[in-house]
Every structure is written in structure tokens, then in C-alpha cells.
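In case you want the letters, here they are:
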Amino acid sequence: MQRRVVVTGIGLICAVGNTAPEAWKNLLAGKSGMGPITQFDASGYPVTFAAEVKDFDPLNFIDKKESRKMARFIHLALAATQEAMESSGLKIDAANSERVGVFIGSGIGGFEIIEREHSNLLAGGPRKISPFFIPAAIVNMAAGQVSIKYGAKGPISATATACTTSANSIGDAYRIIEHGDADVMIAGGSEAAVTPMSVGGFAAMRALSTRNDEPQRASRPFDKDRDGFVVGEGAGVLVLEELEHAKARGANILAEICGYGMSADAYHMTGIAPEGEGAQRSMKAALRDAKMAPEMIDYVNAHATSTPLGDGNESRALEVVFGEHALSHKLKVSATKSMTGHLLGGAGGLEAGITVMALMNQKIPPTINLENTAPECRLDYTPNVAKDAKIEAALSNSFGFGGINGSLVFRHWA
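Residues numbered from 1 in each chain as written. Predicted model: local features only at pLDDT ≥ 70, side-chain atom pairs only at ≥ 80, totals over all residues. Heavy atoms only, no water.

Caption draft 1: Structural context of the overall build of the protein. Along the protein, the regular secondary structure elements total 13 helices and 14 strands. Against the 2.2 N^0.38 benchmark of 22 Å for 414 residues, the protein shows a C-alpha radius of gyration of 20 Å, consistent with a compact globule. When its C-alpha atoms are laid out on the principal axes, the protein stretches across 65 × 55 × 40 Å. Relative to all contacts within the protein whose residues are 6 or more apart in sequence, the contacts with residues 24 or more apart total 79%. (Helix = DSSP H or I, 4+ residues; strand = E, 2+ residues; numbered from the N terminus. Rg over C-alpha atoms; globule rule 2.2 N^0.38 Å. Contact = heavy atoms within 4.5 Å.)

Shown next, in the form of C-alpha cells:
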């Protein structure tokens, strides 16, 4: 018998809030998290703004000595995990530690540590490289540090699938529980890529918005004047739990995760398959896994990064998958990256958490800065103002470089 999996904890940190309740409040209010870059001197760069996490002190979550051995993406992951664990009420001890696992990924990992240590190498030679360089920077250390902190001895992994990372982490963790290899999984992703090389690299690709004079209006998914994404940072972590296990300990069940789909575009390293064909297959696979017809989905948290090509192709994919249900505007869509920026490998974790909160609160956060909808985008994108809505089931999309697509389906828990 297939085991059912529920969400019992959420931890979020992003440019619009350092906790899930704070982020949710600001998302509903349509608050933008974009502003001038403060983490390095971006003067002279073609892009001078990002969606940074604000007023964050890692020492609220980590010992000072240990924190210096960790990259920022690990700090953010630990912060989001602490909130998720506290909200779940789960205690890990000798009796259950081997049945609790961790799947937390990152698209890039400790980029700022790599840049710093490379500078040290050039300035002083190899003896100036920190002995903590490698364990501070590698992608799997967010999962490793969470496992160590909480004593979770079950399955552990760190996905790195570009901007689909967190969706894959959550979906794979769901499968682990479904198949009986664990009872609880701490799952999601984290990213801290507001660094000189990262911003410079994405700018060189012409992937970023260049609205330097009005950063809060820069991320504008589905708008005809969109000109690229905004680099964001943060983390999103969910506690996933086998249903009977959650019930037995009296957990507060927030939602059920019931569908997961993946696909490959097999098309181009950064481009998107025409008509969002790969995205179509990912969403269809998630619906098939959830045993749901398209019209049973009430809300989609779109990947929608505010790029000219990406938003149009995702919109077309939604039309194909959901048909008249989407074209008649019965299906509600929103792009919360308009407020949080694009967390890259952390995006899917953040947006899965937002999707669960939409189900819990029966509200749809808006797509801000949507002033003139692009002609190729024909759906209801919840422009500028949050909406009350009856949401029984919702889908969260994540798509990444390399043509990697992931979709998650969540169901309302009464």
C-alpha cells in the first residue's frame, strides 16, 4: 500500500521576510524585496540591485565559531530548518533518528567562499587558502550541517539541478517516505548567490533585469515590458511526514503532498523547449502521480522568472495542460518571484512553502508589477492584489538550466 505524505512544518527566509509568517504577510501585501546590492560594491556592474535577505544574523541560529566555517547558504538553510522543525513540533532522539532524513540542495553552494579563497590564493599563494574552504562551500553541506545539528541519521542527499533543485529535493524526499525508507524528511533548498561573480555572470548572459533606477518594479512576470530576472537569496524547508506517523504524534498537518513530476527538455543548455513542451510533461506527470484531473487544480505558483522567453513558454504550457480550465480563468496563477526575486536553487523550496500557505489560508498571493499583460500570456495571473479563493489543490513549478523541470502537487488538509 502506498504511504501518504503530509507537510507538518515550514521554514522560509527571503527578501520579504525572515520567517514564514512575516514573508506570507508581506507577499499578501504585494511588497517587493528588491533593492540596491549591499553585500559588495556593485558600482560599475550592469546590474546594481538584487533581492537580499535583510537583518539576518546567523548567530541567532549557529555558534559563532562554527558559523565562520560555513557559507551563507548554509546559514540560511539552518535558519529555515530551525523554523520548520519548531513549527512541526518534531523531536529527534535515539528512538526515531534513523527514520528521519535530510534532502536539502543548492544550485551553486558557497559561491562567496569560492570567490574569497580564490582571491586569497592569488594574493598569497596556496598557504593562504582556509582549511575550511571545501567543507564551507560544497553543495551538500547544508544537508550535512542540518543532519549533524538535529541528529537525523536517515537518508541524506543534496540535489543540485539548477533552479529545479528544491523541487527535486522535496519531490525525492516525498518518494523516500512513500516507499518506506523514512518516516520524516527535512527537505528543501537554499541559495546565497548575491556575489560579484554570480551577478556578473548572470548579467553577462543578459539574463537579469537592468532596471537599476527602479529595482522594486524590475521583476514583472508576464508583463510585456519584462526584461529579465532579479537574483534573490534565501531558503525554503519543509518537514514531510508519513501520514500515520504524523497522526500518531498529534502533529499539526498543514497540507498533503500528493504529486511529483519531472522531465527533461533535451533541447538546449539554457534555452526552453518551444511551447514549454518539457514543462507540459512535468506538470502532466505530477497530475498523474496525484491521480488528479487538470480541472482539480485551483492554483499554480508559476516558475515565472520575468524573462521574455520563459514566462511566455510557461504560460503556453499551462494552456496546453489545463485547457479551458486555464483559459476561462478558473485556474488562478501567480508569480511570487515578482516580490522575492529568483532564489535559483532555493526557489522551489520557498515557493513550495508559499503554495502550502496559500492552501492553509485560502488566499492567492499576487503577481506584482503586472501592468500590461503580454499578448502571449492569456491566463489569470492574480495581478497586483492578493485574492481570497477556494483552493483544494495547488501546483508549484520549477524549471532550470539544462532543461530540468519539476512540478509538485499539494492538497488542502481540512
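Back to the text.
Caption draft 2: Spotlight on the pairing of strand 14 (residues 404-412). Where strand 8 (residues 255-264) meets strand 14, 9 bridges bridge the pair, whose relative direction is antiparallel. Paired with Ala255 across the bridge in strand 14 is His412. Two elements, strand 13 (residues 393-400) and strand 14, share 8 bridges in a ladder whose sense is antiparallel. Among the inter-strand pairings, Asn397 is bridged to a residue of strand 14, identified as Ser407. (Pairing = 2+ DSSP bridges.)

Caption draft 3: Representation of the nonpolar core. Counting 43 residues, the largest nonpolar core has Ile10, Leu240 and Phe410 as the members making the most contacts within it. Counting residues per element, the ones that place at least two in this core are strand 1 (5-13), helix 1 (20-28), helix 7 (165-178), strand 6 (184-192), strand 7 (233-242), strand 8, helix 13 (347-361) and strand 14. Aside from chain neighbours lying at most four places away, what touches Phe410 is Val7, Leu238, Glu256, Ile257, Cys258, Ala352, Thr355, Val356, Leu359, Glu392, Ala393 and Ala394. In this structure, Phe56, Val102, Ile113 and Ala235 belong to the second largest nonpolar core, which totals 35 residues. (Core = buried A, V, L, I, M, F, W, Y, C linked by side-chain atoms within 4.5 Å. Buried < 20%, exposed > 50% of the residue type's maximum accessible area, 1.4 Å probe, protein only.)

Caption draft 4: Spatial organisation of the packing of helix 10 (residues 277-290) against helix 11 (residues 308-327). Where helix 10 contacts helix 11, the axes come no closer than 9 Å and their chain directions differ by 40°. Seen from above, helix 10 lies across helix 11 with right-handed handedness. Contact residues: Ala279, Gln280, Met283, Lys284 and Leu287 in helix 10; Ala317, Leu318, Val320, Val321 and Phe322 in helix 11. Partitioning the contact of helix 10 with helix 11 into residue classes produces 8 nonpolar, 1 polar and 1 charged. (Axes fitted to C-alpha atoms, helices over the stretch in contact; angles between N-to-C directions. Left-handed = near helix turned anticlockwise from the far one by under 90°. Nonpolar A, V, L, I, M, F, W, Y, C, P; charged D, E, K, R; others polar.)

Caption draft 5: Molecular detail of the side chain of His342. Secondary-structure assignment places His342 in the loop between helix 12 (337-340) and helix 13. For His342, a relative accessible area of 2% corresponds to the buried category. A polar contact is formed between the side chain of His342 and the backbone nitrogen of Leu344, at a distance of 3.2 Å. Those residues in contact with His342 that sit more than four places away from it in its chain are Cys163, Phe229, Val230, Val231, Gly232, His303, Thr305, Lys337 and Ala347. (Polar contact = N/O pair within 3.5 Å; in protein donor to acceptor, adjacent residues only side chain to side chain.)

Caption draft 6: Region of the structure containing the sheet that holds strand 4 (residues 100-105). Read across the sheet, 10 strands follow the order 5-4-6-7-1-8-14-13-9-10 without closing on themselves; strand pairing throughout is mixed. Each of the sheet's edge strands pairs with one partner strand only, and the pair in question is strand 5 (156-157) and strand 10 (332-334). For strand 9 (residues 299-301) and strand 13, the ladder comprises 3 bridges, and the chain directions are parallel. Opposite Asn301, over in strand 13, you have Ser396 as the bridge partner. With respect to the sheet, helix 11 is in contact with strand 9, strand 10 and strand 13, its orientation differing from that of strand 13 by roughly 140°.

Caption draft 7: Inspection of the environment of His412 at higher detail. In this fold, His412 is placed in strand 14. A relative accessible area of 23% places His412 in the partly exposed class. Linking His412 and Trp24, residues 388 residues apart in sequence, is a C-alpha distance of 17 Å. In this structure His412 touches Leu359, Gln362, Ile391 and Glu392, once residues within four positions along its chain are discounted.

Caption draft 8: How the structure looks around the packing of aromatic side chains. Following the criterion strictly, the structure yields 4 aromatic pairs and no others. An angle of 20° between the planes, with centres 5.8 Å apart, marks the rings of Phe56 and Phe61 as stacked. (Phe/Tyr/Trp six-rings, centres within 6.5 Å; stacked < 30°, edge-to-face > 60°.)

Caption draft 9: Representation of unusual backbone geometry in the model. Phi is positive for Ser306, close to 90°, though the residue is something other than glycine. Mapped onto the fold, Ser306 is located in the loop between strand 9 and helix 11. Judged by its relative accessible area of 0%, Ser306 falls in the buried class. The residue Gln362 is not glycine, and still its phi comes out positive at about 55°. The exposure class assigned to Gln362 is partly exposed, which follows from its relative accessible area of 21%.

Caption draft 10: Summary view of the environment of Gly403. With respect to the helices and strands, Gly403 occurs in the loop between strand 13 and strand 14. Residues Gly403 and Gly271, spaced 132 residues apart in sequence, show a C-alpha to C-alpha distance of 7.5 Å. With near-sequence residues (within four places) excluded, Gly403 lies in contact with Ser263, Ala264, Asp265 and His268.

Caption draft 11: Summary view of the environment of Gly105. One can find Gly105 in strand 4. We classify Gly105 as buried; its relative accessible area is 0%. C-alpha of Gly105 to C-alpha of Pro375: the two residues are 270 residues apart in sequence and 36 Å apart in space. Apart from residues no more than four positions distant in its own chain, Gly105 is found in contact with Ala158, Thr159, Thr165, Ser169, Gly188, Gly189 and Ser190.

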